[in-house]
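Chain by chain, the residues run as shown.
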Amino acid sequence: MKVHRFLTEYKEIGNNVFIENTDLIHQIKNVLKLRMGEKIILTDGVGKNIHITLTEISKDSIVGSVVERVISEKPSHKVHLYLSILKKENFELVAQKVTEVGVASINPIESDRTVKTGLKEERLKTIIKEALEQSGGSYLPTLEEKTNLTEALKNSPGEKYLLDMTGIPFDDLEEIPEEVSIFVGPEGGWTENEIQTAKDTGVQIVSTGNSTLRAETAAIISSFLFVNKK
């Protein structure tokens, strides 16, 4: 039987947990129709999980008793995804899937061939939150403010990798450091000038294969590969 997971704030008093988030109360009580005695998991988005049994459900609060506290292991690598802004539904798809994969942050960037520049940040944050809950994750990625490629290359943390078919094969990377930033271009790809700028600033150019991938596919695949690189 599925145990529902929720990202939310809560209060602990002794062995009891109190939920006062009205939206979550509505979801638990009226949408999911959970009942007393059923179990749920609450996560704080930074690794702490608390398993509780529901003991009281009202229109103003939900109370549960603690069954177990679990600290989740962090992903193998702290990966920051820098993604050129795509069409709305494509960027939203990436945000959802890379949250499931376990990236640390999602960073929208404008590049030379970026066509769309607008983003609905609140909608994206909702998609990210729901993806974390659905996938059973415990570390919520941050959605950073939009920036341009030049600034992103300069300010991004860790070792930097730009995805392009002209780069070295991903499998040839013997090891990568604990924290990395990866850059994925728009639908039209990077310009030669952008690739050269990346090289001039010490960024490694990496390819994930010989196929020409859609931008959203490249973002999801590369995020998975870097998060799970041994």
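Rules used in this analysis
- Residues numbered from 1 in each chain as written.
- Predicted model: local features only at pLDDT ≥ 70, side-chain atom pairs only at ≥ 80, totals over all residues.
- Heavy atoms only, no water.
- Helix = DSSP H or I, 4+ residues; strand = E, 2+ residues; numbered from the N terminus.
- Buried < 20%, exposed > 50% of the residue type's maximum accessible area, 1.4 Å probe, protein only.
- Areas by Shrake-Rupley, 256 points an atom, 1.4 Å probe, with all protein chains shown as cover.
- Lys, Arg positive; Asp, Glu negative; His and termini not counted.
- Charge placed at Lys NZ, Arg CZ, Asp CG, Glu CD.
- Salt bridge = Lys/Arg side-chain N within 4 Å of Asp/Glu carboxyl O.
- Pairing = 2+ DSSP bridges.
- Axes fitted to C-alpha atoms, helices over the stretch in contact; angles between N-to-C directions.
- Polar contact = N/O pair within 3.5 Å; in protein donor to acceptor, adjacent residues only side chain to side chain.
- Patch = residues over 30% accessible without salt bridge, like charges linked within 9 Å, V, L, I, M, F, W, Y side chains within 5 Å.
- pLDDT = per-residue confidence, 0-100.
- Left-handed = near helix turned anticlockwise from the far one by under 90°.
- Contact = heavy atoms within 4.5 Å.
- Nonpolar A, V, L, I, M, F, W, Y, C, P; charged D, E, K, R; others polar.
- Phe/Tyr/Trp six-rings, centres within 6.5 Å; stacked < 30°, edge-to-face > 60°.
- Lys NZ or Arg CZ within 6 Å of the ring centre and 35° of its normal.

### Here we look at the overall build of the chain
Next up, step 1: Assigned secondary structure in the chain consists of six helices and 13 strands.
Next up, step 2: Buried residues in the chain amount to 43% of all 230 residues.
Next up, step 3: Working note: accessible area of the chain is about 12,300 Å², and carbon and sulfur atoms make up 47% of it.
Next up, step 4: Separation between the mean location of the 28 positive side-chain charges and that of the 35 negative ones in the chain comes to 7 Å.

### Things to note about the pattern of salt bridges
Next up, step 1: Taken as a whole, this structure holds ten salt bridges when the rule is applied.
Next up, step 2: Between Lys-129 and Glu-133 there is a salt bridge, and its shortest N-O distance comes to 2.8 Å. Of this pair, Lys-129 and Glu-133 both sit in helix α3 (residues 121-135), four residues apart, which is roughly one turn of that helix.
Next up, step 3: Lys-129 gets classed as partly exposed once you look at its relative accessible area, which sits at 31%.
Next up, step 4: Exposure remark for Glu-133: the relative accessible area of 12% places this residue in the buried category.

### Describing the sheet that holds strand β5 (residues 48-57)
Next up, step 1: Judged by pairing direction, the sheet is mixed, and its six strands sit side by side in the order β1-β4-β5-β6-β3-β2 without closing on themselves. Single-partner strands in this sheet number two, and they are β1 (4-7) and β2 (11-13). For this sheet the average axis-to-axis angle between neighbouring strands, irrespective of direction, equals 40°.
Next up, step 2: Where strand β4 (residues 39-43) lies against β5, five bridges are found, and the strand directions are antiparallel.

### So, the environment of His-77
Next up, step 1: Assignment of secondary structure puts His-77 in the loop between β6 (62-71) and β7 (78-84).
Next up, step 2: Under the relative-accessibility criterion, His-77 is labelled buried at 9%.
Next up, step 3: In this structure, the C-alpha to C-alpha distance between His-77 and Leu-225, residues 148 residues apart in sequence, is 10.0 Å.
Next up, step 4: Within the structure, His-77 has its side chain in polar contact with the backbone oxygen of Lys-229 (distance 2.6 Å).

### Section: a negative patch on the surface
Next up, step 1: Taken together, the side chains of Asp-171, Asp-172, Glu-174 and Glu-175 define an acidic patch exposed on the protein surface.
Next up, step 2: Structurally, the position occupied by Glu-175 is in the loop between β11 (159-169) and β12 (179-184).

### Concerning the confidence of the model for the chain
Next up, step 1: In this model, the chain carries a mean pLDDT of 92, and residues with pLDDT of at least 70 account for 100%.
Next up, step 2: Element-level mean pLDDT values for the chain span from 91 in β2 up to 97 in strand β9 (residues 142-143).

### Topic: the packing of helix α2 (residues 88-101) against α3
Next up, step 1: With their axes 8 Å apart at the nearest point, α2 and α3 run at an angle of 35° to one another. In the packing of α2 onto α3, the handedness of the crossing is right-handed. In contact with Phe-91, Glu-92, Ala-95, Gln-96, Thr-99 and Glu-100 of α2, α3 contributes Arg-123, Leu-124, Ile-127, Ile-128, Ala-131, Leu-132, Gln-134 and Ser-135.
Next up, step 2: Split by residue class, the contact of α2 with α3 holds seven nonpolar, four polar and three charged.

### What about the packing of aromatic side chains?
Next up, step 1: This model, assessed by the stated rule, comprises three aromatic pairs.
Next up, step 2: Where Tyr-161 meets Phe-226, the ring centres are 5.0 Å apart and the plane angle is 45°; that geometry is what we call tilted. Linking Tyr-161 in strand β11 with Phe-226 in helix α6 (residues 215-227), this pair joins segments that are 65 residues apart in sequence. In this structure, Tyr-161 and Phe-226 share a single accessibility class: buried.
Next up, step 3: Consider the rings of Phe-170 and Phe-226, whose centres lie 5.0 Å apart with planes at 75°: the pair is edge-to-face. Here Phe-170 is found in the loop between β11 and β12, whereas its partner Phe-226 is found in helix α6, with 56 residues between them in sequence.
Next up, step 4: Residue classification places Phe-170 among the buried positions, given a relative accessible area of 7%.
Next up, step 5: Residue classification places Phe-226 among the buried residues on the basis of a relative accessible area of 0%.
Next up, step 6: An aromatic cluster of three or more residues is present, and its members are Tyr-161, Phe-170 and Phe-226.
Next up, step 7: Just above the ring of Phe-170 sits the side chain of Lys-229; from NZ or CZ to the centre is 5.0 Å.

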